Amino acid sequence: MGKISKKTLNKVLLRTQTTQFSHNYERMQSLSLTYDFAPVIEELYKDKPKEQQVRAMQRYLEYFNTHPLAIPAILGICAAIEETTDEDHKDSVTNIKTGLMGPLAGLGDSMLNLTWYPIAGSIGASLCVESGSILGPIVMFLLINLLYWPLKYFGLHKGYEKGMDLIQNEQNGGLKIFDRLGNFANVLGVVVVSGLITSTVKLNTGIEFAAGEGTIALQDQLNNVMPCLLPVLLTALCYFLLKKGQGKNSVWVILGLLVACIVLSCFGILV
Amino acid sequence: MGNLLTALLLAAWAGLCALDQFGPHLGFRKPLLASIGVGLILGDMQTAIIVGATMELMWLGVNNIGAYVPPDVISGTIVGTSLGILSGGDTGTAISTAIAVGVPTALLVQQVNMLVMTTNISLVHAADKAAENFDFKKITFLHWTGGLMFFLSRAVPVFIACFAGSAVIDTILAAIPAQILSGFTVASKAIPAVGLAMLLTMMMKKNMWIFLVLGFVLGAYLNLGTLAIALVGAVAAGIYDLIMERPAPAVAVADEEGEYDL
């Protein structure tokens, strides 16, 4: 092990920093992946016959889509397999590449996009939304990058060194760890998002009733029933609308909410 | 002349933030960090950060998941924050202006993004030809062409909106009644519901309502901060994993009783 130099791998790491530039609807990240992996293909195939070179390149132009942060790890593993298999067994590269993209996409989405980005964003924003302090953006930047860079760097290098072990363990349920991590992240994400609904969604009514001498504010009554009642109802409404439109109607949900809020606030129903 | 230069700089910044979204993921595709560039270019960091943080919270749940393309918060933030600052009012006016301009921009550029995702298909077909010649130079060229397209998909709309908008924003704002403008502020606090609901549509699987209630109690009744909620969430996730991964002896029992024929 270790035929591919660290320098070549670091070139791949640098290239993965552009990893979705040629993103498209047909084969998603395939062209990007080919560009990212080019240094390794060039090194391994420079003395090989032309048809092998072409086939190697075509392997990476096949449909591919995963979480961008998983790409370094997957390419690390691919490098290890490319190096250790002969031309008749290159199918295993494709199999493992496509086998990993699904679970890692799910894991990346639930851990990073659904959980870590909202956490970093809400902590950062809460530090500066009133004061405009530069501390907010700095904290947010650090929260994101102190997690992301090790994932990228060690993903690629450890993927290359340990990738084969991981794959060989696959028969004993090696990929199951992704399912478990995915479930873990999903639960964590639901708790965090649920908490964020209570802290970031704000909806108050200005309706007041005449009651004897003074007035009763409806909002106070609602608060007595349950805190954050209106935000929860609004989020539930959005949830059902989005679910019904399978997320494709998000533009209309946002525009509808925008117009509704403006109209209702003009009449003092929302404040 | 000053306007032109400012608009060009803002456009370039929007393009760079877009490249971050399709590249290294340093975080500049999120409103709070995207607003930093606006603060530097327009020389009003404090207002930029306040507006950026407001938009960050508003679009907290808006994120690229899978193949789904969300509203483009980059152009929304940059156009909104710039015109908010250029409108010259107090911070409150800047925020409501930013939302009034930023939300439609984000929704519009979302459509442009889908267009680029479609036109970029031609790059892969050209790459197929390059592969037959084992031509890596061509691959590099095609890949960066895609990057250029994404850069322009944000830079051009932002340039048009900032260049044309800065000239007319005062007139437009003067024409909008103050009541409606404050309605935008109300809306900005309600819009996070859409993004967070969007996240939930992807996360609400079997049994997840339990954790939805947990998060709600922690936030609404105990008023815990995000980090504290996340830590409790991690504990809950750990316990859930332990329960789900426990070997199930129930299967053997069911077999003995012979009631569950599978």
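Since the structure is predicted, the reported quantities are computational estimates derived from the model, not experimental observations.

Caption draft 1: Structural detail: the overall build of chain A. Each helix and strand counted, chain A has 10 helices and two strands in total. Reading chain A from its N end, one meets helices and strands in the order α-α-α-α-α-α-α-β-β-α-α-α. For 271 residues, the compact-globule formula gives about 18 Å, and the C-alpha radius of gyration of chain A, at 25 Å, lies well above that figure. C-alpha extents for chain A along the principal axes are approximately 95 × 40 × 35 Å. With 271 residues in all, chain A has 45% of them scored as buried. Intrachain contacts of chain A at a sequence separation of at least 6 include 69% that bridge at least 24 residues.

Caption draft 2: Local environment of the overall build of chain B. Across its full length, chain B carries 12 helices and zero strands. Mapped in sequence order, the helices and strands of chain B form the string α-α-α-α-α-α-α-α-α-α-α-α. Since a compact globule built from 262 residues should have a radius of gyration of about 18 Å, the 24 Å found for chain B marks it as more spread out than a globular shape. In chain B, which comprises 262 residues, the share counted as buried stands at 52%. Pairs at least 24 residues apart make up 72% of the contacts formed inside chain B by residues separated by at least 6 positions.

Caption draft 3: Expanded view of the domain arrangement of chain B. When cut into domains, chain B gives domain 1 (2–203) and domain 2 (204–262). Measuring from the centre of the C-alpha atoms in domain 1 of chain B to the corresponding centre in domain 2 of chain B gives 38 Å.

Caption draft 4: Representation of the nonpolar core within the structure. Ile-74 of chain A together with Leu-10, Ala-14, Val-158, Ala-187, Ala-190 and Leu-196 of chain B are the most contacted members of the largest nonpolar core, which totals 156 residues. When residues in this core are grouped by element, the largest group, 15 residues, is from helix α5 (residues 91–128) of chain A. With sequence-adjacent residues up to four places away left out, Ile-74 of chain A is seen in contact with Thr-66, Lys-97, Leu-100, Met-101 and Leu-104 of chain A.

Caption draft 5: Broad picture of the domain arrangement of chain A. Domain boundaries in chain A define domain 1 (6–190) and domain 2 (203–266). Summarising the inter-unit geometry, the C-alpha centres of domain 1 of chain A and domain 2 of chain A are found 41 Å apart.

Caption draft 6: Quick look at the interface of chain B and chain A. Counting from both sides, the interface comprises 95 residues of chain B and, opposite them, 91 residues of chain A. Top contributing element to the side of chain B that touches chain A by residue count: helix α11 (residues 226–245) of chain B, with 13 residues. Split into classes, the residues belonging to the side of chain B that touches chain A amount to 62 nonpolar, 25 polar and eight charged.

Caption draft 7: Representation of the pairing of strand β2 (residues 214–217) of chain A. Residues and elements named next belong to chain A. With four bridges connecting them, strand β1 (residues 208–211) and β2 associate as antiparallel partners. When the sheet's bridge partners are listed, Phe-209 is paired in β2 with Ile-216. Where β1 hands over to β2, the hairpin turn is made up of two residues, of which Gly-212 adopts a positive phi near 60°.

Caption draft 8: Spatial organisation of α5 of chain A. The first and last C-alpha atoms of α5 of chain A sit 52 Å apart over 38 residues, in line with the 56 Å expected at 1.5 Å per residue. Its axis deflected by about 35° at Trp-116 of chain A, α5 of chain A carries its strongest bend there, up to four residues before the proline Pro-118 of chain A.

Conventions used here
Residues numbered from 1 in each chain as written. Chains lettered and ligands numbered in written order. Predicted model: local features only at pLDDT ≥ 70, side-chain atom pairs only at ≥ 80, totals over all residues. Helix = DSSP H or I, 4+ residues; strand = E, 2+ residues; numbered from the N terminus. Rg over C-alpha atoms; globule rule 2.2 N^0.38 Å. Buried ≥ 20, exposed ≤ 12 C-beta atoms within 10 Å, placed from the backbone. Contact = placed C-beta atoms within 7 Å. Domains from an automatic or database assignment. Core = buried A, V, L, I, M, F, W, Y, C linked by C-beta atoms within 7 Å. Nonpolar A, V, L, I, M, F, W, Y, C, P; charged D, E, K, R; others polar. Pairing = 2+ DSSP bridges. Expected span 1.5 Å × (residues − 1). Bend = angle between axes of the 7 residues up to and from the residue.

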